[in-house]
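# Architecture and fold: a report
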Amino acid sequence: MKTYPCICGLLFVALASSRPAQAADQPEETEVLPQITITDPNRDLFRLALPSAVGDAALAAAATDVERRDLDIVGLFRVLNPESFPESLVKEGLGFSSDLWSQVGAQGVAKLRATRDAGGVAIEGRLYQIGQGEAPVLSKTYRGGEVRPLVHMWVNDVIAQFTGTRGVFGSRIAFAMTGRSPEVATIGMDGQEMKVVTRMKSQCLLPALSPSGGQIAFNSYLRGGADLWVVSAGGGRARHISTRPGLNTGPAWLSGSTLVATLSYQGNADLYKLSASDGKVLARLTNSPGIDTSASPSPGGGQIAFVSDRQGTPQIYLMSSSGGGARRLTYQGNYNQTPRFCQRKDMPLIAFTGRDERLVFDIFTYDLRTGKIDRVTQGPGSNLDPSWSPDCRLIVYTSSRGGLYIMNLQTHKEFRIYKGGAKNPSWGPPPDDFK
Amino acid sequence: MGAAVQNRIRPLGRGSSLGGLAATLAIHASLIALIYFAHVKSPPPLENPRDMIVTQLVALGKPRDKFWLPRIVQPPRPKAPPPTLNLTEDPNAAPAPKEAPKIEDADLSKEMKRALRRAQMLAQATEEPAEGSLTGSEDGTSSHGSVGDEYATAVYTAIRRNWVTPTGLVTDAELAKLVMVMRISIDVDGNLKNPVVKQSSGNGFFDDSCLQAVKATAKVPPPPPSFKRGFNLRFAGQELAR
């Protein structure tokens, strides 16, 4: 009997001591507090610090340049000015002091070490994020023969760390040069390593990189008229695909062996399916009184977006890739052209050039799920001829300002990757390490 | 009779000790339950949770023709600062020209002058400044407010000013769906303390931005005496109304 009160007392003590200590000025966990709903945050780019790479001086300088340019182009980050970094941070090496980097306003820090050994070049990368401790959130080492592709791989991994999808640095863009040498050229998406691939010595237009990136179909006036040609993306002798009477223009790759192009040898300019090897007509896809051109296949090739003026003004239409069932997509604007399908199946978007009421051309997107048109560019000047990056995060286009520009669709951050005369960019497939 | 009394007061035997044990356990159980509920059960709310709803005002202007391509709407430019006096440090500078004297029209009759004065007074009457407070907000819509709301607004304004989400890493589509709830306490000096995430949004960048907003704000005006020591801050990506 005497043990019962003891148990009771112990239980009292145990339960009383289990109550969490509560500071006098803190609300209790269970206390009902007034609620404030805060909405519509300010939006800004993620502030990323890229201190100079360490290691072999020449390699480190090259690696730093590539990394800063890549992470600026992708449009996701505000790359902090390295001149604002105090000496203690410059000499930090691959280590990381969260407090000090926080003081210079960084939200993340990416560091590189570039060295050379018997096996070639080694690039060691560390990515740190403020608020995630002192250990790197990403740590990788790459080995190869050259700095640029290794740093591209590092940047692609950094982008994946932040967004869940790898970047596409290493992919290339084909375009038609303008000016004295109007040939077809390709350039890395970082605006480096430009390569002229044709030697037609005549006006070349509308290049289209094949799905594998190995071939380029294009338009040339070498024989007087608008003819279709195909050339290896690495350069070499171009072979003509279609020199039929009238127009042979606007090629797009439906698959690795099939092209869609506008031909007018039967009188009216319509879309045809052609063999990419010998130019043989496989099917006539449209048969309308207007001009049908500028075809762009959907991912998987099931549908084709194109331009037609069959109802009076150039507008974007969509049809089955076997032809027929065309329906008009755009009803806003009276001069819409150059539709380009995003090649991601989970993003049913078409980018196009539209002329607005001020008679200025800009880039827009059409969402196939909602039918909504969104503006991508808004000056300065006219911006036209969009082409999607393989991850559909970026769009390359030309501008009346001259050159090739890349814009991030989400942040609208623009970067001029090429300053020379350029038309009709076509973004090729992702690099081999893209998943 | 004596046997009956003896039966009633006899010491507890084997069978009756089990009953006693059960009774004791029941008493303990009820005591434990009492203590448990005293600790765990929420006290009744003294007041209903207060919630602020932010209004988005449609900009003044003409509606856009539906057949035109859309434009990116830019936020309105900040108002130009009021004109200030142009001061010169040159002691030899010429004096500023005096305002030209108003020319009285001698031809106007007294009645006409009186009518003009009345018209001017009427015009001034319609341009009477809105009722408000010298410490009020430019965006304020009421001539008076309760103390509690005024303080919540001050906290809201201070924290929202420092709330920045990384565009591109949190897409607009994602942002519209994200909600994070954080509990904070505020001491008598207005220091924000003990942020505790009560409901994560599931997006690390968004949650970080909310925590960073509170950290960057650090201090808000000292609370009024009736203040309840803290707030639940509900950070919602792009919610206009609930």
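Residues numbered from 1 in each chain as written. Chains lettered and ligands numbered in written order. Predicted model: local features only at pLDDT ≥ 70, side-chain atom pairs only at ≥ 80, totals over all residues.

Moving on, we come to the sheet that holds strand β1 (residues 35-39) of chain A. One open sheet holds the four strands; their spatial order is β1(A)-β4(B)-β2(B)-β3(B), and the pairing between them is mixed. Two strands lie at the open edges of the sheet, namely β1 of chain A together with β3 (192-199) of chain B, each paired on one side alone. Strand-to-strand, the axes of this sheet are offset by a mean angle of 25 degrees, without reference to chain direction. Sheet topology note: the β1(A)/strand β4 (residues 230-236) of chain B ladder contains five bridges and is parallel. The residue of β4(B) that forms the bridge with Gln35(A) is Asn232(B). Across the sheet, helix α6 (residues 204-217) of chain B lies against β2 (179-186), β3 and β4 of chain B, angled at about 25 degrees from β2(B), the strand it touches most. (Pairing = 2+ DSSP bridges. Helix = DSSP H or I, 4+ residues; strand = E, 2+ residues; numbered from the N terminus. Axes fitted to C-alpha atoms, helices over the stretch in contact; angles between N-to-C directions. Contact = placed C-beta atoms within 7 Å.)

What links the strands of a sheet is backbone hydrogen bonding, and the strands pair in either a parallel or an antiparallel sense. Residue and element names in this part refer to chain A. With antiparallel pairing, the four strands of this open sheet are ordered in space as β16-β17-β18-β19. Each edge of the sheet is formed by a strand with only one pairing partner; in this case those strands are β16 (248-253) and β19 (281-284). Within the sheet, the average angular offset between the axes of one strand and its neighbour, ignoring direction, is 30 degrees. Judged from the six bridges that link them, strand β17 (residues 258-263) and strand β18 (residues 270-275) form a sheet pairing that is antiparallel. In the strand pairing of β18, Thr 262 is matched with Leu 271.

Turning to its location among the elements, Lys228(B) is positioned in the loop between α6 and β4. Residues Lys228(B) and Ile186(B) lie 42 residues apart in sequence; the distance between their C-alpha atoms is 8.8 Å.

Residues and elements named next belong to chain A. Core analysis: the largest hydrophobic core is formed by 143 residues, its most contacted members being Ile 216 and Ile 395. Here this core spans two domains, and each of domain 1 (46-163) and domain 2 (172-427) adds at least three residues to it. In contact with Ile 216, not counting residues within four places along its chain, are Ala 174, Val 184, Val 197, Pro 207, Ala 208, Leu 209, Val 230, Val 231 and Ala 233. (Core = buried A, V, L, I, M, F, W, Y, C linked by C-beta atoms within 7 Å. Buried ≥ 20, exposed ≤ 12 C-beta atoms within 10 Å, placed from the backbone. Domains from an automatic or database assignment.)

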